[in-house]
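Residue-level listing of the chains:
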Amino acid sequence: EADIYQTPRYLVIGTGKKITLECSQTMGHDKMYWYQQDPGMELHLIHYSYGVNSTEKGDLSSESTVSRIRTEHFPLTLESARPSHTSQYLCASEGGRQSELPGANVLTFGAGSRLTVL
Amino acid sequence: KNQVEQSPQSLIILEGKNCTLQCNYTVSPFSNLRWYKQDTGRGPVSLTIMTFSENTKSNGRYTATLDADTKQSSLHITASQLSDSASYICVVSDRGSTLGRLYFGRGTQLTVWP
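Residues numbered from 1 in each chain as written. Chains lettered and ligands numbered in written order. Predicted model: local features only at pLDDT ≥ 70, side-chain atom pairs only at ≥ 80, totals over all residues. Heavy atoms only, no water.

Trainee: Give me the interface of chain A and chain B: which residues, what numbers.
Mentor: Facing the 25 residues of chain A at the interface are 26 residues of chain B. For the pairing of chain A and chain B, the buried interface totals around 2000 Å² over both sides, and the portion due to carbon and sulfur atoms is 50%. The tally of links from chain A across to chain B stands at two salt bridges. Residue Arg 106 of chain B pairs with Glu 42 of chain A through a salt bridge whose shortest N-O separation is 3.0 Å. On inspection of chain A and its partner chain B, the count reaches six residue pairs in polar contact (both at pLDDT 80 or more). Broken down by secondary-structure element, the contributors of at least two residues to the side of chain A that touches chain B are strand E4 (31–37), strand E9 (87–97) and strand E10 (105–109) of chain A. Examining the composition of the side of chain A that touches chain B, we find that four residues originate from one element, E10 of chain A, more than from any other. Partitioned by chemical class, the residues of the side of chain A that touches chain B number twelve nonpolar, eight polar and five charged. (Contact = heavy atoms within 4.5 Å. Buried area = accessible area lost by both parts, 1.4 Å probe. Salt bridge = Lys/Arg side-chain N within 4 Å of Asp/Glu carboxyl O. Polar contact = N/O pair within 3.5 Å; in protein donor to acceptor, adjacent residues only side chain to side chain. Helix = DSSP H or I, 4+ residues; strand = E, 2+ residues; numbered from the N terminus. Nonpolar A, V, L, I, M, F, W, Y, C, P; charged D, E, K, R; others polar.)

And the structure:
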């Protein structure tokens, strides 16, 4: 059962609309991430947060913004959507240990939000 | 340049057969390597995570190997099932601190036919 939830799963909107993609996790993880993924391509980091009131831009330039007011909630907002924003957006949180060595935390992904801008 | 390269790009096998997926990386310094399974339209799910001191790790029918000297990893799937059809993504982390970043491969698309 998923512990990280993304809504909406699918969204089709017109150019110029403002949208917010929701991401919530129930695991109490401090680190959260937003990735963008196009078909057949690698995931690109667009935003990350290491805790409440902490947000940073990732490697891929994005016109989206994020906020982290609560530990469990990390929404992503596009003020004015364009067709170039059409993509799959994946939210992830990091915590727990699968190895005794540091840095080997498990990255848990949500199911993704597929955005289509017409 | 830190990169993660996966091969083959796509693979079709018959149900019940074994297969091996490859991952070569140039990420340095190396902290750990992860394999994820991503079903179509879903988020990736962790299969294994290995640090430099681990040569092999199994998760059911999935067995990952790591050669930190040659910077190569493989994911072996035994007795494939239809549900194994998915994209398998290799991810490498460059350090063990909280500032470590992840490098993603483009994945190998596996299709299992009945």
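Trainee: Can you explain the state of the cysteines? Please cite residues and give values.
Mentor: Residue and element names in this part refer to chain A. In total, this model carries two disulfides over all chains according to the counting rule given. Across the disulfide from Cys 23 sits Cys 91; the S-S distance is 1.9 Å. As the torsion about the S-S bond is roughly -75 degrees, the Cys 23-Cys 91 disulfide counts as left-handed. Taken as a pair, Cys 23 in strand E3 (residues 19–25) and Cys 91 in strand E9 lie far apart in primary sequence, 68 residues in all. Taking relative accessible area as the criterion, Cys 91 reaches 0% and is therefore assigned buried. (Disulfide = S-S within 2.5 Å. Buried < 20%, exposed > 50% of the residue type's maximum accessible area, 1.4 Å probe, protein only.)

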